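The lines below spell out each chain.
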Amino acid sequence: MQTVGIVAEYNPFHLGHAYQLAKVREHLPEACVVAVISGSFTQRGTPALLDKWERAELAVHGGCDLVLELPFAFACRSAQDFARGGVQLLHRLGIVDTLAFGAEDGDLELLAKTADSIDSPAFQQHIHEKIKNGISYAAAVEEILHSEGIDNFIRKPNNILAVEYLRALRDCPGLSPLLIQRRGADYHSESLHSPLPSASALRLALYEGRLGEKTAKLAAPPATAQRLMELNAAELPSMDRLYPALQLALLRQSGAELRKIYGMEEGLENRLSDAASAPCYEEFIQRAVSRRYPATRVQRLCLHLLLGFDRNMAAAFDQEGPLYARFLAASPQGKEMLKLIKSRSTLPLIAKTTQFLKSATRKKTLQELSPLQQMLAFDTWAAELRELTLPHSRDTNDFTHSPIFL
């Protein structure tokens, strides 16, 4: 069985994603497709539009055969960590031979050259020097690449991820890259009238209450369009609902405690505490960001603070890599893939969370849990934290929800 792996968010699954799957099957007509998606929160540190099971189900309707969850420990991190975690998980399944990914530029050679440059010792030294001078990692990479004659290339989000996938592939022998050039609207485009509108445009239209039936059907496959038309702005997740808890966490914890949180560099805790007088979450983020700390980093840091995700835990997870394959949804073909994964994977396949972690066990200290249980606990907490961003919780959690078979 030839199997193609994809690392994605599908927030939500739209026609651009369907285009990518179609191109994959154009290149490899007999291949099965397994997607690894972020769970309850996205790589940018925002609550996913729909819960992970719904998004997985829509992805299967859209052409995926099997959808797995990327653990929170890697999903709500930088592009480098997100890509590395996803590629490692696919590699450890034991059945994936091709990694398909999109990029704004269709030049695989240029992407590979960029990945080689970033991995060189001289480049890494320059990055650290620039970060010490007060700019973000992404800005440092962009400046250095500009000096090497690669201009504007790394500013494009899918190019950034493509480079990180290629870097991650070096540690995963047997996985070959398949580049699919991105088509349609720009990643950040807010227009619903361009060909293949972006997920950003769909989400914005939903939050502004202007996603009509016609535009939904022009932007998303039928199953996604139908689900989006059922939503209204009052039902959507909002970080404002978590803002009081975030303010309290910043108020009651000492500087030393805050600095233990992953991503909290010394001095940033004071910047966040000062910004916490803002009247709403959006203004809080605006006050907290700087040239060194972009909005996405601050947003992720807020989630790490709320969930108690500290730097020691992140380092331990990075050393281990993904420790399980949690499947969310499968087609009939995907069900057959699960049998192969069980026989070939170096990871346990999780269908029911309670097989590995019960709600009572989760109440123990993290030190009392195994590394797998620790990683899984953060997934379960993230799912329940996302529920708190909704106006009316549906009591959806990992202990009661089962995978979806279509």
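These figures come from a predicted structure and were not determined experimentally.

What counts, and at which threshold
Residues numbered from 1 in each chain as written. Predicted model: local features only at pLDDT ≥ 70, side-chain atom pairs only at ≥ 80, totals over all residues. Heavy atoms only, no water. Helix = DSSP H or I, 4+ residues; strand = E, 2+ residues; numbered from the N terminus. Expected span 1.5 Å × (residues − 1). Buried < 20%, exposed > 50% of the residue type's maximum accessible area, 1.4 Å probe, protein only. Salt bridge = Lys/Arg side-chain N within 4 Å of Asp/Glu carboxyl O. Axes fitted to C-alpha atoms, helices over the stretch in contact; angles between N-to-C directions. Parallel < 35°, antiparallel > 145°, perpendicular 65-115°, else oblique. Contact = heavy atoms within 4.5 Å. Pairing = 2+ DSSP bridges. Right-handed = clockwise from strand over helix to strand, strands pointing away. Phe/Tyr/Trp six-rings, centres within 6.5 Å; stacked < 30°, edge-to-face > 60°. Lys NZ or Arg CZ within 6 Å of the ring centre and 35° of its normal. Core = buried A, V, L, I, M, F, W, Y, C linked by side-chain atoms within 4.5 Å.

Enquirer: Which parts of the structure should I look at to understand helix α8 (residues 157-169)?
Expert: The terminal C-alpha atoms of α8 lie 19 Å apart, and with 13 residues this matches the ideal 18 Å at 1.5 Å per residue to within 8%. The buried fraction of α8 amounts to 12 of the 13 residues, a majority that puts the element mostly inside the structure.

Enquirer: How should I be thinking about the pattern of salt bridges in this particular structure?
Expert: Any two side chains of opposite charge can pair, on the condition that their charged atoms come close. Here the structure, examined in full by the defined rule, presents 28 salt bridges. For the salt bridge of R291 with E143, the shortest nitrogen-to-oxygen distance reads 3.1 Å. Residue R291 is located in the loop between α15 (281-288) and α16 (295-307), and its partner E143 is located in helix α7 (residues 137-147); the two are separated by 148 residues in the primary sequence. The exposure class assigned to R291 is exposed, which follows from its relative accessible area of 56%. Note on E143: relative accessible area 31%, which makes it partly exposed. In this structure, the salt-bridge partner of R394 is E387, at a minimum N-O distance of 3.6 Å.

Enquirer: Honestly, the packing of helix α12 (residues 243-252) against α16 in this entry has me stumped. Any pointers?
Expert: A packed helix pair is summarised by two numbers, namely the angle formed by the two axes and the spacing between the axes. Taken N-terminus to C-terminus, the directions of α12 and α16 make an angle of 75°; their axes are 10 Å apart at the nearest point. Between α12 and α16, the crossing angle belongs to the class labelled roughly perpendicular. Residues A245, L246, A249 and L250 of α12 pack against C302, L305 and L306 of α16.

Enquirer: Honestly, the pairing of strand β6 (residues 325-330) in this entry has me stumped. Any pointers?
Expert: As a general feature of sheets, a regular strand has side chains that alternate between the two faces. Among the six residues of β6, six are classified as buried, and the element is accordingly described as predominantly covered. Summarising the sheet, strand β3 (residues 66-70) and β6 pair through four bridges and their orientation is antiparallel. Across the sheet, residue L66 finds its bridge partner in β6, namely A330. Taken together, β6, helix α18 (residues 332-344) and strand β7 (residues 349-350) form a β-α-β motif whose crossover is right-handed. Relative to strand β8 (residues 404-405), β6 runs parallel, the two being bridged by two bridges.

Enquirer: What am I meant to see in unusual backbone geometry here?
Expert: With an omega of 0°, the peptide bond between N11 and P12 qualifies as cis. A positive phi angle is found at Y10, which is not glycine, with a value near 50°. Position of Y10 relative to the elements: it lies in the loop between β1 (3-8) and α1 (15-27). A positive phi angle is found at D395, which is not glycine, with a value near 55°. Mapping D395 onto the fold places it in the loop between α19 (371-387) and β8.

Enquirer: What's the story with the packing of aromatic side chains in this structure? I'm lost.
Expert: Any aromatic ring pair is given by two values, namely how distant the centres are and how the planes are angled relative to each other. Throughout the structure, instances matching the rule amount to 12 aromatic pairs. Aromatic pair Y262 and F309: ring centres 6.0 Å apart, planes at 70°, arrangement edge-to-face. Here Y262 is found in the loop between α13 (255-258) and α14 (268-275), whereas its partner F309 is found in the loop between α16 and α17 (311-320), with 47 residues between them in sequence. Judged by its relative accessible area of 0%, F309 falls in the buried class. For the ring pair Y281 and F284, a centre distance of 6.2 Å and an interplane angle of 35° mean the geometry is tilted. Of this pair, Y281 and F284 both sit in helix α15, separated by three residues, roughly a single helical turn. The class of F284 is buried, set by a relative accessible area of 0%. Every member of this aromatic cluster is reached through a ring pair, and the members are F72, Y262, F309, F317, F378 and W381. Above the plane of the ring of F405 lies K335, whose end atom (NZ or CZ) is 5.4 Å from the centre.

Enquirer: Would you explain the nonpolar core in this entry?
Expert: As a rule of thumb, soluble globular proteins bury nonpolar side chains together. Ranked by size, the top nonpolar core spans 97 residues in total, and within it L66, L93, Y165, L272 and F284 carry the most contacts. Contacts of F284, omitting those with residues within four sequence positions, involve Y243, L246, L250, L272, A275, A276, A278 and C302. Among the nonpolar cores identified, the runner-up in size contains 24 residues, and C64, V67, I180 and I404 belong to it.

Fair warning: the whole summary comes from geometry, so function is off the table for now.
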